[in-house]
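A closer look at the structure
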Amino acid sequence: MESGKDDPLAPARGLGVDGLLALLERLEGAEEAEVVRGALAAGVSAAMVQEELQREVERRLMRTQQFYDEWT
């Protein structure tokens, strides 16, 4: 497993729902974060929400890394 700056997914590892939501917002995902909060408020299981949220944050982190790789 990669670590540090070589691992674009490192910022998302070990975070709970609140941490993932904060990270998603920093990755220009404020609207998506509101949808997640709505799902939690509607009773969607926290485990399911966290799994989907983790995937979305990781997808955005990879997309960000690919963008920077193309411009460096």
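Residues numbered from 1 in each chain as written. Predicted model: local features only at pLDDT ≥ 70, side-chain atom pairs only at ≥ 80, totals over all residues. Heavy atoms only, no water.

A separate point is the nonpolar core. Counting 14 residues, the largest nonpolar core has Ala12, Leu21, Leu23, Leu53, Val57 and Leu61 as its most contacted members. Looking at this core, the element that brings in the most residues is helix H1 (residues 17-26), giving 5 residues. Each residue touching Leu61, except ones within four places of it in the same chain, is listed here: Pro8, Leu9, Pro11, Ala12, Leu23 and Leu27. (Core = buried A, V, L, I, M, F, W, Y, C linked by side-chain atoms within 4.5 Å. Buried < 20%, exposed > 50% of the residue type's maximum accessible area, 1.4 Å probe, protein only. Helix = DSSP H or I, 4+ residues; strand = E, 2+ residues; numbered from the N terminus. Contact = heavy atoms within 4.5 Å.)

Of note, Glu28 is a non-glycine position whose phi angle comes to about 60 degrees, a positive value. With respect to the helices, strands and loops of the structure, Glu28 is situated in the loop between H1 and helix H2 (30-41).

Attention now goes to H1. Among all positions of H1, only Val17, Leu20, Leu21, Leu23 and Leu24 are buried. An end-on view of H1 places all buried positions within 165 degrees of arc, on one side of the element. In H1, the exposed residues that point more than 90 degrees away from the buried face are Asp18 and Arg26. Positive phi appears at Glu28, one or two residues downstream of H1, with a value of about 60 degrees. (Arc of directions from axis to C-beta.)

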